[in-house]
Amino acid sequence: MITLWRPMPAAAYAGKECVCQFRRGICDQSCVRDMLATPFYIACLKLKGRRCVVVGGGEIGLEKVEGLLSCDADVTLVAPEAVGALEALADERSIRWERREYRPEDLEGTFMVIASTDDTDVNIGIYEDAERRAMLVNVVDVPPLCNFILPAIVRTGPLAIAISTAGASPALAKRMKREVAELFGEEYATLAIMLNDARGWAKGTLPTYQDRKAFFEGIVNGEPDPIDLLRAGDARAVQDMIAAAQSAYAEA
């Protein structure tokens, strides 16, 4: 995660009407002063089959719903109205749509909630209801009403690279996402899959963690470079490298 040390340009900013739980009246930005100094615990969440709730049926709600669906989450949308793309997802039963205003009981049995409404009171209520349940909550663009933040994600096959500026500059994170996607292309995902295929052999054959570490690092950092080979379309040569490394350990 990249941290940029400058004032937080959040939805809450000095002179604007307060949108956070501290209800300052007019924002003095005191709620976000420590955001960039806050160390975030970076983790990859397994959402498959887990109930996740999105409150708000606009374009931002759609973005959040699509992100959750890409991770096989069980998504419920809560909103009296929704954009056409969300209606289509509900019609095809990819999501459940509760066509009404948010209620606290919507969070029962829920793993995560993301709020994308423009109603400060609703957002604060969602945050407080989630905190009482010790569950994950993110209110879009209001860092004080979040106990986790959403980084920009580059996905290629099994690879996922997260890019975060701790909320300081989403525009910069998007630029970095484009550049990272160009740098780490399909060949990295292909190599990850090929190495995963060798994990069972390594666990069953190599007696220690250090042996397994040396085996995989020898391939990843080997000569010729497996990434260069995959970029050249020579997956067979990489498979031969892995097979040769296995044979060398078997003979040792």
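Model, not experiment: these values are computed from the prediction.

Peer 1: So, the packing of aromatic side chains: which residues are in play, and what are the values?
Peer 2: Scanning the model with the defined rule gives four aromatic pairs in all. The interplanar angle of 75 degrees and the centroid separation of 4.9 Å between the aromatic rings of Phe215 and Phe216 together place this pair among those described as edge-to-face. Each member of the pair Phe215 and Phe216 is classed as buried. According to the relative accessible area criterion, Phe215 is buried, its value standing at 1%. Members of the aromatic cluster, connected to one another through ring pairs, are Trp201, Phe215, Phe216 and Tyr249.

Peer 1: Could you give an account of the environment of Ala202, naming the residues involved and the relevant values?
Peer 2: Relative to the elements of secondary structure, Ala202 occurs in helix 6 (residues 199-205). Ala202 sits 47 residues away from Tyr249 along the chain, and the two C-alpha atoms are 9.7 Å apart. Among all residues touching Ala202, those that are not within four sequence positions of it are Arg212, Phe215 and Phe216.

Peer 1: So what's going on with helix 5 (residues 186-197)? Residues and values would help.
Peer 2: Look at helix 5: 17 Å from first C-alpha to last across twelve residues, which is about the 16 Å you get at 1.5 Å a residue. Considered for burial, the residues of helix 5 that qualify are Glu187, Ala189, Leu191, Met194 and Leu195.

What counts and how
Residues numbered from 1 in each chain as written. Predicted model: local features only at pLDDT ≥ 70, side-chain atom pairs only at ≥ 80, totals over all residues. Heavy atoms only, no water. Phe/Tyr/Trp six-rings, centres within 6.5 Å; stacked < 30°, edge-to-face > 60°. Buried < 20%, exposed > 50% of the residue type's maximum accessible area, 1.4 Å probe, protein only. Helix = DSSP H or I, 4+ residues; strand = E, 2+ residues; numbered from the N terminus. Contact = heavy atoms within 4.5 Å. Expected span 1.5 Å × (residues − 1).

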